[in-house]
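This is what each chain is made of:
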Amino acid sequence: MNEVPLNHVLFVSTALFFIGMYGLFTRRNMITMLMSVELILNSVNINFVAFNKYLYPDKLDGVFFSIFIITIAAAEAAVAIAIIINLYRSHHSIDVKDAEEMRF
Amino acid sequence: MSASAIFFYILSICILGGGLLAVTSKKIFRSAIWLLFSLIGIAGLYFWMQMEFIAAVQIIVYVGGIVVLIIFSIFLTQQSGKQMAKPSAGRIVFSLLAVCIGFALTYSLLRPYVFPTSSMAPVDMSVRNIGNQMLSTTEYGYALPLEVVSVLLLAAMIGCIVIAMKIKTQGK
């Protein structure tokens, strides 16, 4: 892995972050917005692991941060899907346009 | 170009292509499957960096947990073969503009930066080392964040149950 410079890994994670951002901007369906959020969190994880591996191979802190981010992402996905399913029960739609009672 | 570098570029194409198709695909179920490919590619990237433990965690939690949860909720909430409504052209144009400008700005800052190379001996990335440091209460130990995150998981679990619970009406 020494042949690939760190900047190429960071290119991948930056591109993945902005792909997730594009999904968050264009999609109006709550499940697909949740998938975009997962892509963004994964790009952050790639950054943590790559910095740990390339710049501080004598430490383990990047690994711990990624593990905690993965845990929180799992909790977030579970709560978000519970909310989405509950919303579907009351509104029969999971489009963000149909759930605007609390908008203003 | 060595085999390792070629492997990295194949994995990056898998990650970025999967992510791109996941956010642009018209059918929601296909979009979830592309997300699955992207997450598996990220796990492969961790294997490529010789972080076996975190790659295993990625596969178990994301591929085995979150994507399955997302697919279940797709089945519960809508017809998976139905096409999703297309976003308006103006929204696509302005999101593309914002995303491209953001990416260009970030990468133009990133590209000329020279990172210092480390000469330290790499630490053993075994599960034993990770577990020892995670449970140690001394300096650089992660015992307190571990406890906090376990309380957070408990709170999320109770919260999910409370949200999903059916409230009985008073009349019955």
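Source: prediction; values computed, not measured.

Q: Help me understand the overall build of chain B, please; the structure alone is not making it clear to me.
A: Of the regular secondary structure elements, chain B holds six helices and zero strands. Start at the N end of chain B and walk to the C end: the helices and strands fall as α-α-α-α-α-α. Relative to the 2.2 N^0.38 estimate, which gives 16 Å for 172 residues, the radius of gyration of chain B is 22 Å and therefore markedly larger than a compact globule would have. Along the three orthogonal principal directions, the C-alpha set of chain B runs to about 70 × 45 × 30 Å. In chain B, which comprises 172 residues, the share counted as buried stands at 20%. A fraction of 49% describes how many contacts in chain B between residues 6 or more apart in sequence connect residues 24 or more apart.

Q: Got a minute to help me understand the interface of chain B and chain A in this structure?
A: How big an interface is tends to be reported as the loss of accessible area on association of its parts. Chain B puts 70 residues into the contact, and the matching count from chain A is 62 residues. Every element with two or more residues in the side of chain B that touches chain A is listed here: α1 (3–24), α2 (28–48), α3 (52–77), α4 (89–110), α5 (127–135) and α6 (143–164) of chain B. Per element, the largest residue contribution to the side of chain B that touches chain A is 12 residues, and it comes from α3(B). A class-by-class count of the residues in the side of chain B that touches chain A yields 51 nonpolar, 17 polar and two charged.

Q: What should I look at first to understand the domain arrangement of chain B in this one?
A: Each domain of chain B was delimited in the assignment, giving domain 1 (1–82) and domain 2 (126–172). Here the C-alpha centre of domain 2 of chain B lies 25 Å away from the C-alpha centre of domain 1 of chain B.

Q: What am I meant to see in the environment of A:Ala99 here?
A: With respect to the secondary-structure elements, A:Ala99 resides in the segment after α3 (61–91). Taking the C-alpha atoms as reference points, A:Ala99 and A:Leu87, 12 residues apart in sequence, are found 8.1 Å from one another.

Q: Help me understand the confidence of the model for chain B, please; the structure alone is not making it clear to me.
A: Detail in the predicted coordinates should be disregarded across regions flagged by low pLDDT. Summary statistics for chain B give a mean pLDDT of 88 and a share of 96% for residues scoring 70 or more. Across the predicted assembly, pTM comes out at 0.90 and ipTM at 0.91.

Q: Looking at this structure, I do not really get α1(B). What am I missing?
A: Because each turn of an α-helix spans 3.6 residues, side chains separated by three or four positions end up pointing in the same direction. In this model, α1(B) (22 residues) spans 31 Å end to end at C-alpha, consistent with the 32 Å of a helix rising 1.5 Å per residue. For α1(B), every residue scored as buried is listed here: B:Phe8, B:Leu11, B:Ser12, B:Ile15, B:Gly18, B:Gly19, B:Ala22 and B:Val23. All buried residues of α1(B) project into a common sector of 140° when viewed along the axis, lining one side. Of the exposed residues in α1(B), the ones pointing more than 90 degrees away from its buried face are B:Ala3, B:Ile6 and B:Ile13. In this structure, the buried side of α1(B) is in contact with α1 (6–26) and α2 (30–54) of chain A together with α2 of chain B.

Q: Would you take a moment to explain α2(A) for this structure?
A: Across its 25 residues, α2(A) extends 36 Å between first and last C-alpha, which sits within 8% of the 36 Å expected from 1.5 Å per residue. Of all 25 residues in α2(A), 21 are buried; the element is thus mostly enclosed.

Q: Please clarify how the nonpolar core should be interpreted in this entry.
A: When a protein is soluble and globular, its nonpolar side chains tend to lie buried together. Counting 59 residues, the largest nonpolar core has A:Ile31, A:Met35, A:Val49, A:Val63, B:Tyr46 and B:Ile70 as its most contacted members. Residue assignment for this core shows that the elements contributing at least two residues are α1, α2 and α3 of chain A together with α1, α2 and α3 of chain B. The biggest single contributor to this core is α2(A), with 12 residues.

Conventions we followed
- Residues numbered from 1 in each chain as written.
- Chains lettered and ligands numbered in written order.
- Predicted model: local features only at pLDDT ≥ 70, side-chain atom pairs only at ≥ 80, totals over all residues.
- Helix = DSSP H or I, 4+ residues; strand = E, 2+ residues; numbered from the N terminus.
- Rg over C-alpha atoms; globule rule 2.2 N^0.38 Å.
- Buried ≥ 20, exposed ≤ 12 C-beta atoms within 10 Å, placed from the backbone.
- Contact = placed C-beta atoms within 7 Å.
- Nonpolar A, V, L, I, M, F, W, Y, C, P; charged D, E, K, R; others polar.
- Domains from an automatic or database assignment.
- pLDDT = per-residue confidence, 0-100.
- Expected span 1.5 Å × (residues − 1).
- Arc of directions from axis to C-beta.
- Core = buried A, V, L, I, M, F, W, Y, C linked by C-beta atoms within 7 Å.

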